[in-house]
Protein chains: 2
Amino acid sequence: MVVAIEKVRGFREVYPEESEPRKRIFETAEKCSVMFGFRKIEMPSVENLELYRAKSGNELLEQCFSFLDRGGRELTLTPEATPTVARMIGTRKDLAKPVRWYSFQRFWRYEEPQSGRQREFYQLNADIFGPDSAEADGEVAILACTILNGLGLEGHYDFLINDRILMDHLLTSFGFKDRGSAFALIDKFKKMDRAEFENALGEAGLTPSDLKKFVNLLEERIPIESISSLLSREEFQKIPNEVKERIVKLSEILTSTGFKNIFFDLSVVRGLAYYTGMVFEVFDTKRKFRSIVGGGRYDSLVELYSGARIPATGFAMGDATLELLLRDVGKFTALTPTKSYFIAFPNRENYPKVSELLTLIRSHGIPAMSDVSGKSFSAQIRDADREGCTHLIVLGDKEIESGTVTIKNLSTGEQETVSRIDFLNSISL
Amino acid sequence: MVVAIEKVRGFREVYPEESEPRKRIFETAEKCSVMFGFRKIEMPSVENLELYRAKSGNELLEQCFSFLDRGGRELTLTPEATPTVARMIGTRKDLAKPVRWYSFQRFWRYEEPQSGRQREFYQLNADIFGPDSAEADGEVAILACTILNGLGLEGHYDFLINDRILMDHLLTSFGFKDRGSAFALIDKFKKMDRAEFENALGEAGLTPSDLKKFVNLLEERIPIESISSLLSREEFQKIPNEVKERIVKLSEILTSTGFKNIFFDLSVVRGLAYYTGMVFEVFDTKRKFRSIVGGGRYDSLVELYSGARIPATGFAMGDATLELLLRDVGKFTALTPTKSYFIAFPNRENYPKVSELLTLIRSHGIPAMSDVSGKSFSAQIRDADREGCTHLIVLGDKEIESGTVTIKNLSTGEQETVSRIDFLNSISL
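Residues numbered from 1 in each chain as written. Chains lettered and ligands numbered in written order. Predicted model: local features only at pLDDT ≥ 70, side-chain atom pairs only at ≥ 80, totals over all residues. Heavy atoms only, no water.

## Focus: the overall build of chain A
- Looking only at helices and strands, chain A features 17 helices and 17 strands.
- The C-alpha radius of gyration computed for chain A amounts to 28 Å, which surpasses the reference 22 Å derived for 429 residues by more than 25%, pointing to a less compact arrangement than a globule.
- Dimensions of chain A, computed from the C-alpha atoms along their principal axes, are close to 90 × 55 × 50 Å.
- For chain A, buried positions account for 59% of its 429 residues.
- Carbon and sulfur atoms provide 49% of the accessible area of chain A, an area that totals close to 17200 Å².
- Averaged over its 57 positive side-chain charges, chain A has a centre that lies 1 Å from the centre of its 63 negative ones. (Helix = DSSP H or I, 4+ residues; strand = E, 2+ residues; numbered from the N terminus. Rg over C-alpha atoms; globule rule 2.2 N^0.38 Å. Buried < 20%, exposed > 50% of the residue type's maximum accessible area, 1.4 Å probe, protein only. Areas by Shrake-Rupley, 256 points an atom, 1.4 Å probe, with all protein chains shown as cover. Lys, Arg positive; Asp, Glu negative; His and termini not counted. Charge placed at Lys NZ, Arg CZ, Asp CG, Glu CD.)

## With respect to the confidence of the model for chain A
- Taken residue by residue, chain A gives an average pLDDT of 94. The fraction at 70 or more is 98%.
- Interface confidence in the predicted complex, given as ipTM, is 0.94; pTM for the same model is 0.95. (pLDDT = per-residue confidence, 0-100.)

## Here we look at the packing of helix α1 (residues 16-35) of chain A against helix α5 (residues 134-150) of chain A
All names here are of chain A.
- Interaxial distance between α1 and α5 falls to 9 Å at its minimum, and their mutual angle equals 140°. Comparing the axis directions of α1 and α5 gives the class oblique. Note that α1 runs across α5; the crossing there is right-handed. Residues Arg24, Thr28, Ala29, Cys32, Ser33 and Met35 of α1 form the contact with α5, whose own contacting residues are Leu143, Thr146, Ile147 and Gly150.
- Residues belonging to the contact of α1 with α5 are distributed by class as follows: five nonpolar, four polar and one charged. (Axes fitted to C-alpha atoms, helices over the stretch in contact; angles between N-to-C directions. Parallel < 35°, antiparallel > 145°, perpendicular 65-115°, else oblique. Left-handed = near helix turned anticlockwise from the far one by under 90°. Contact = heavy atoms within 4.5 Å. Nonpolar A, V, L, I, M, F, W, Y, C, P; charged D, E, K, R; others polar.)

## Things to note about the interface of chain B and chain A
- Listed by partner, the interface residues are 108 residues for chain B and 108 residues for chain A.
- Together chain B and chain A conceal approximately 8800 Å² of surface at their shared face, both sides included; 53% is due to carbon and sulfur atoms.
- When the buried surface of chain B facing chain A is broken down by residue, Glu42, Arg70 and Val372 of chain B rank first, second and third, together holding 9% of it.
- With a shortest N-O distance of 2.5 Å, Arg92 of chain A and Glu17 of chain B are connected by a salt bridge.
- Remark: the boundary between chain B and chain A carries 50 residue pairs in polar contact (both at pLDDT 80 or more). (Buried area = accessible area lost by both parts, 1.4 Å probe. Salt bridge = Lys/Arg side-chain N within 4 Å of Asp/Glu carboxyl O. Polar contact = N/O pair within 3.5 Å; in protein donor to acceptor, adjacent residues only side chain to side chain.)

## Overview of empty space enclosed by the protein
Residues and elements named next belong to chain A.
- The full count for this structure, using the stated rule, is six cavities of 30 Å³ or more.
- Roughly 60 Å³ of volume is contained in the largest cavity.
- Lining the largest cavity we find Asp137, Ile161, Asn162, Asp163, Arg246, Ile247, Leu250, Phe264 and Met278.
- Of all the secondary structure elements, the ones that give two or more residues to the lining of the largest cavity are β7 (157-163) and α11 (241-255).
- Of the residues that constitute the lining of the largest cavity, the class distribution is five nonpolar, one polar and three charged. (1 Å grid on protein atoms, 1.4 Å probe; cavity = no way out; pocket = protein on both sides within 12 Å on 5 of 7 lines; lining within 4 Å. Points joined across faces, edges and corners; volume = space filled by probe spheres on them.)

## Thoughts on the side chain of Thr404 of chain A
All names here are of chain A.
- With respect to the element layout, Thr404 can be found in strand β16 (residues 404-409).
- In this structure the side chain of Thr404 is engaged in a polar contact, spanning 2.9 Å, whose partner is the side chain of Ser402.
- In this structure, Thr404 is in contact with Leu395, Glu399, Thr417, Val418, Ser419 and Arg420, ignoring residues within four places of it in sequence.

## A closer look at the pattern of salt bridges
- Tallying each qualifying case throughout the model produces 89 salt bridges over all chains.
- Put simply, Asp265 of chain A and Arg221 of chain A hold a salt bridge, and the shortest N to O gap is 3.9 Å. Of this pair, Asp265 of chain A sits in the loop between β9 (262-264) and β10 (278-284) while Arg221 of chain A sits in the loop between α9 (208-219) and β8 (222-223), and the two are 44 residues apart along the sequence.
- Judged by relative accessible area, Arg221 of chain A falls into the partly exposed class, the value being 32%.
- Of the charged contacts, one joins Glu135 of chain B and Arg348 of chain A as a salt bridge, the two residues approaching to 2.7 Å between their closest N and O atoms. On the criterion of chain membership, the pair formed by Glu135 of chain B in helix α5 (residues 134-150) and Arg348 of chain A in the loop between β13 (341-344) and α14 (351-362) is interchain, its members lying in two chains.
- Assessed through its relative accessible area of 1%, Glu135 of chain B is described here as buried.
- Each of the salt bridges in this network shares a partner with another, and the network as a whole consists of Arg12, Glu18, Arg22, Asp319, Glu323 and Arg327 of chain A together with Glu42 of chain B.

## Regarding the side chain of His391 of chain B
Residue and element names in this part refer to chain B.
- With respect to the secondary-structure elements, His391 resides in strand β15 (residues 391-394).
- By relative accessible area, His391 is classed as buried at 13%.
- Of the polar contacts made by the side chain of His391, one reaches the side chain of Thr390; its length is 2.8 Å.
- Here His391 is in contact with Lys339, Ser340, Tyr341, Phe342, Ile407, Lys408, Asn409 and Leu410, once residues within four sequence places are set aside.

## So, the relation of the copies chain B and chain A
- Superposing chain B onto chain A requires a rotation of 180° together with a translation of 0.0 Å along the rotation axis, leaving an RMSD of 0.1 Å. The transformation relating the two chain copies, once decomposed into turn and shift, fits a two-fold axis. The C-alpha atom lying nearest the rotation axis in chain B is that of Phe67 of chain B; the distance is 3.1 Å.
- Interface overlap between copies: 100% of the residues of chain B at the interface are likewise at the interface in chain A, consistent with a symmetric, same-surface contact. (Least-squares fit on C-alpha atoms with pLDDT ≥ 70 in both.)

## Quick notes on the packing of helix α1 (residues 16-35) of chain B against helix α13 (residues 319-328) of chain B
All names here are of chain B.
- With their axes 11 Å apart at the nearest point, α1 and α13 run at an angle of 110° to one another. For the element pair α1 / α13, the angle class is roughly perpendicular. Crossing geometry of α1 relative to α13 is assigned as right-handed. Counted together, Glu18, Arg22, Arg24, Ile25 and Phe26 of α1 and Asp319, Leu322, Glu323, Leu326 and Arg327 of α13 form the full contact between these two elements.
- A breakdown of the residues in the contact of α1 with α13 according to their chemical character gives four nonpolar, no polar and six charged.

## Points about the sheet that holds strand β2 (residues 46-48) of chain B
Residue and element names in this part refer to chain B.
- One open sheet accounts for three strands, arranged β2-β4-β3; its pairing is antiparallel. In this open sheet, the two strands that pair with only one neighbour each are β2 and β3 (65-68). Taken over all neighbouring pairs, the strand axes of this sheet differ in orientation by 35° on average, direction set aside.
- One ladder, built from three bridges, connects β2 with strand β4 (residues 74-77); its direction is antiparallel. For Val46, the partnering residue across the bridge sits in β4 and is Leu77. (Pairing = 2+ DSSP bridges.)

## Let's talk about the packing of aromatic side chains
- Under the definition given, this model contains 38 aromatic pairs over all chains.
- Consider the rings of Phe67 of chain A and Phe65 of chain B, whose centres lie 6.2 Å apart with planes at 85°: the pair is edge-to-face. With Phe67 of chain A in strand β3 (residues 65-68) and Phe65 of chain B in strand β3, the pair connects residues from two separate chains.
- Looking at Phe67 of chain A, the relative accessible area reads 4%, which means it is buried.
- Taken together, a centroid distance of 5.1 Å and an interplanar angle of 75° make the contact between Phe65 of chain B and Tyr110 of chain B edge-to-face. (Phe/Tyr/Trp six-rings, centres within 6.5 Å; stacked < 30°, edge-to-face > 60°.)

Here it is as structure tokens:
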């Protein structure tokens, strides 16, 4: 009797054709994080649902993949990293600051599955704890760009940055009655009908002339190196100097990288209530997909979870939208294969000799494989190709007797017979 | 108000001191798998509980971290890889055999947490689908050893191997009434009191003289290269020749590696009902911990899940026992750090220049970091050490003006001032 149990809706089985390009995403994200001095942490996949009641708001709570465990406890598959990371950093009061942490693991949301959104996804989280500085903000922003550039996405994304303190002052100067709901409204600016948005601004307390000015500001996208000229405009006259100076400082840091796609964008405010300074989002240049990266400064959140006041800045980058964009621009490709050997042998009796040579090649860290099915010699040679090996080794009776190997470069077709010892010495270099 | 929500019992928060040695485990396991020509797959973390009702038996079912989802479906966090992998290989009938797959991800069991057993763990799974051959069995066994040796565990573990078909014949020739319950009994041999075990053998149908002979066989541990002399003994006379030949063939393959710790052990049968040939387990030499690796051949299982009869052989290696053993033998260590730079700068105003240099160094794939907290110059130099960087770069006003950098090797103390261009050229090599 066959047990035909399908996978659960919203979950994904990934075969090698897709997992290998995905591995390039994972490895690039981790390698860049290490390159920036971030150290890895691992977090549980299951938390008390209560953890997300505190600050995350109803929307996230509704998306939690939650359940009752056998002991009747209200648990959930983790929907995001931040509350757990905040608890972890608050627990370890011994750690010298700054602390740079990254994690790379799965999260879950009980949402309706659609393109670029499964119920299960991987996410890189990277945060700097300790300093409340433009330098720390700059490092996390540059790390996000470096990962995307490392994946070959330069020119295919826009990095959009803003500052919540600046926005606070700006909203006050424009006469918004309630800043909290103003942020929620601005967060929808790009998705809303313009007339509808302007109506809502009116309801929020703006005069008709201010309303136009405000919408114009939200529509602008200022290259990061030109931020000073934006901030010197009339609309920003009432913003305190230290707020402007902090933003200029960050812009100088970001400009130093030479990255050409970083823009100041006043419409980027991030929905989440906990941001307290810099905020940023990354979108593909054609705006076909949801945001690829979201992040910012959150100086009050750790205190909420641990009692320890520790400023923090960081971001999250999910695999789903990133994969869509990489596919869209033809960069969803595996890592370039390194040198690898396929040993073909006409006589199955010789397999222990084949196995011995496989072990010796692999002892140098070099991929090597051979037939394990008793296939014909010609079928083995086809398999060498199918498996994507770069070199074919022929180990026939003649070669075994004379202590040699015949090696063929499968891309150039070059072929040579050398002594086994010389071959092994040559690959150990 | 502080939200003090503890982590859930049986789940673990891993800080960098531990995650970095763990990363060495993960990377070694993946790198070796790739070196053997295995390709990665990813599996869902959530499955229908029904999937495990089919073959896993009540014990596993009881250990499932199961729950009802919002739609009232009986789901579970995945307790093991095999049923999912079997479904995946059965689905892809287009794939040319042999198929070598590995996966590396989290699994869950609702067991009582204890040393070396959490409710959440990572597991490497590696399988070859297609051939029913000693060569394929050899490859998965050698892969398991290669990973352990790659972690520095040579001499600290025993690889114990056996064959279920051989055991079937042996049990018949010894007159066991019920082979299924005999396997379950033998599986407990190492854990049971000897008198109690012999009693149970008597109840299973063995005569007093056969009983002693059988226990003696279970107590032996034969180096794999001596298997022929074992199989030529009187007790194995009734075993069909093709069964013995297959085992001798596997032993020749394993002997070819030169690994010294592979033993044939008739007490290793693996509890799971689905094994149909080779079985193996790995234990630490001092037998302090639970098994580190378990595997074997399972030729009928894929058919059960997919209707396609596809022979298979493979193993699972968990992180928990492996971590305990690595700690026990002093090998729970991080990867050797590569060259990394810490830029110290006395004048905070110069940070954009620091950031620019960081970007240039990192563009060569080399780790680099600097202060982001406005710390004093001497505190920065202490941080370079604390962060484990190998080289310190001093970027003072003088260096910036003259286009130079002063570089200090933090292990040798050597220091030199060179032009920025020469420095960047030298690291790009």
